[in-house]
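Coordinate analysis (summary)
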Amino acid sequence: MPELPEVETTVRGLERVLLGKRIARVEARRPDLRRALPVDLGHRLTGSRVVGLRRRAKYGLIDTDRDDTLVFHLGMSGRWRIDPSATEKHDHLILETVDGHRLALNDPRRFGSLDLVRTSELAEWPPMKALGPEPLGIESVELKHRLVGRSASIKLLLLDQRIIAGLGNIYVCEALYRAGIHPSRTGGSVSLARLERLVAAIRDVLTEAIAAGGSTLRDFAGPDGELGYFSKAFAVYDREGQPCSCGGIVRRMVQGGRSTFYCPRCQR
Ligand SMILES: [Zn+2]
């Protein structure tokens, strides 16, 4: 499942072939993903020039010179393919640039989304407006303020996109481990000093993953270059029953219907 680092890497990969380019052709190969595609997608994008690519939380943003932003979310299984040699079954959107690049958004499970929003109105677009601050930029004081009085577990609060936007299960588990915070601890009870460690841990795990993804960008120039997924070694995520570096054993529990991996000796 793509998380923030995969989206960031995808945006950087797309930027290489899209920035400054005019879109020659748009082909929507089905009417919907998680929700309906904009009916005027082809009309509004064809002939436009891409003037910027950005990420906000787990959304990728492609800005055009027509005050339009194509907003993509990769959902559970989405990925962009650059210059694929052939169209595949789950390629749902094809973009072609005037200089001959071809991009395919592939999403077998179709939990992703594609929206076209006026760039000037993006901040007010409801899915965007609801988002909390970026995890790479948040300060511990602001996080403390957002957690005050909250009795839910710190794990679930960090997954709440209104509190902090863009964190998924993997990086929340890893950041809590690095900060030594038990995932069941209530959000409001975590001290500012420990939140400082947490904010640093969040920044570090994301930055390291983005760097790992960046190293895979070199391969994207080839045929069927795929953006979106890369493997990384985790300290606790998906390591139930395996030893922690402290000598303890990594455990798994379920919070909010999802697995949490943690070390009961390192995390209090
Ligand atoms: Zn440990």
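The notes below deal with the structure included here. (Residues numbered from 1 in each chain as written. Predicted model: local features only at pLDDT ≥ 70, side-chain atom pairs only at ≥ 80, totals over all residues. Heavy atoms only, no water.)

**Considering the overall build of the chain**
Along its length, the chain carries seven helices and eleven strands. For 268 residues, the compact-globule estimate of 2.2 N^0.38 gives 18 Å, and the chain sits close to it at 20 Å. C-alpha atoms of the chain, sized along the principal axes, occupy 55 × 35 × 30 Å. Looking at the chain as a whole, 51% of its 268 residues qualify as buried. (Helix = DSSP H or I, 4+ residues; strand = E, 2+ residues; numbered from the N terminus. Rg over C-alpha atoms; globule rule 2.2 N^0.38 Å. Buried < 20%, exposed > 50% of the residue type's maximum accessible area, 1.4 Å probe, protein only.)

**Looking at the side chain of Asp91**
When you line up the elements, Asp91 lands in strand 6 (residues 91–97). Within the local environment of Asp91, its side chain forms a polar contact with the backbone nitrogen of Glu88, the two atoms lying 2.8 Å apart. Of the polar contacts made by the side chain of Asp91, one reaches the side chain of Asn106; its length is 2.8 Å. Each residue touching Asp91, except ones within four places of it in the same chain, is listed here: Arg29, Arg81, Ala86, Ala104, Leu105 and Asn106. (Polar contact = N/O pair within 3.5 Å; in protein donor to acceptor, adjacent residues only side chain to side chain. Contact = heavy atoms within 4.5 Å.)

**A short note on a nonpolar patch on the surface**
The grouping of Met1, Met76 and Phe111 at the surface amounts to a nonpolar patch, some 260 Å² of accessible area in total. Within the secondary structure, Met76 is located in the loop between strand 4 (68–73) and strand 5 (79–82). (Patch = residues over 30% accessible without salt bridge, like charges linked within 9 Å, V, L, I, M, F, W, Y side chains within 5 Å. Areas by Shrake-Rupley, 256 points an atom, 1.4 Å probe, with all protein chains shown as cover. Salt bridge = Lys/Arg side-chain N within 4 Å of Asp/Glu carboxyl O.)

**Description of the nonpolar core**
Ranked by internal contacts, the top residues of the largest apolar core, which has 28 residues, are Leu143, Ile154, Leu158, Leu167 and Leu198. Those elements giving two or more residues to this core turn out to be helix 4 (140–147), helix 5 (154–159), helix 6 (169–179) and helix 7 (192–216). In terms of residues, this core owes the most to one element, helix 7, which gives nine residues. Once residues within four sequence positions are removed from consideration, Leu198 is found in contact with Leu143, Ile154, Leu158, Ala175, Leu176, Ala179 and Ile181. Formed by 26 residues, the second largest nonpolar core is a distinct cluster that contains Ile23, Val26, Leu93 and Leu103. (Core = buried A, V, L, I, M, F, W, Y, C linked by side-chain atoms within 4.5 Å.)

**Some details on the coordination of the zinc ion**
Around the zinc ion, the protein supplies Cys244 (SG), Cys246 (SG), Cys263 (SG) and Cys266 (SG) as donor atoms, at distances of 2.2 to 2.3 Å. Coordination at the zinc ion is tetrahedral, judged from the four donor atoms that bind it and the angles of 105 to 115 degrees they form at the metal. Donor residues binding the zinc ion come from one chain and are separated in sequence as C-x1-C-x16-C-x2-C. With a relative accessible area of 29%, Cys246 lands in the partly exposed category. (Donors = N, O, S within 2.8 Å, 3.2 Å for Na, K, Ca; no water. Tetrahedral: all angles 85-135°; square planar, octahedral: opposite > 155°, others 65-115°.)

**A short note on the environment of Leu136**
Tracing the sequence through the fold places Leu136 in the loop between helix 3 (126–129) and helix 4. Sequence separation of Leu136 and Asp204 is 68 residues, and the distance between their C-alpha atoms is 8.8 Å. Among all residues touching Leu136, those that are not within four sequence positions of it are Leu4, Arg55, Arg203, Leu206, Thr207 and Ile210.

**As for the packing of aromatic side chains**
In the structure shown here, the tally under the stated rule is five aromatic pairs. Aromatic side chains Tyr59 and Trp125 sit 6.1 Å apart centroid to centroid with 70 degrees between the ring planes, which places their arrangement in the edge-to-face category. Placement of the pair is Tyr59 in strand 3 (residues 59–64) and Trp125 in the loop between strand 8 (113–118) and helix 3, with a sequence separation of 66 residues. Neither Tyr59 nor Trp125 differs from the other in exposure class; each is buried. Seen in terms of ring centroids, Tyr171 and Phe234 are 6.1 Å apart; in terms of plane orientation they differ by 75 degrees. Their pairing is edge-to-face. Placement of Tyr171 in helix 6 and of Phe234 in the loop between strand 9 (225–227) and strand 10 (251–255) is noted, with a sequence separation of 63 residues between them. Tyr171 sits in the buried class, given a relative accessible area of 3%. The partly exposed category is assigned to Phe234, whose relative accessible area is 23%. Feature note: the residues Tyr171, Phe234, Tyr237 and Phe261 constitute an aromatic cluster, connected by ring pairs. (Phe/Tyr/Trp six-rings, centres within 6.5 Å; stacked < 30°, edge-to-face > 60°.)

Distances and angles like these do not, on their own, reveal function.
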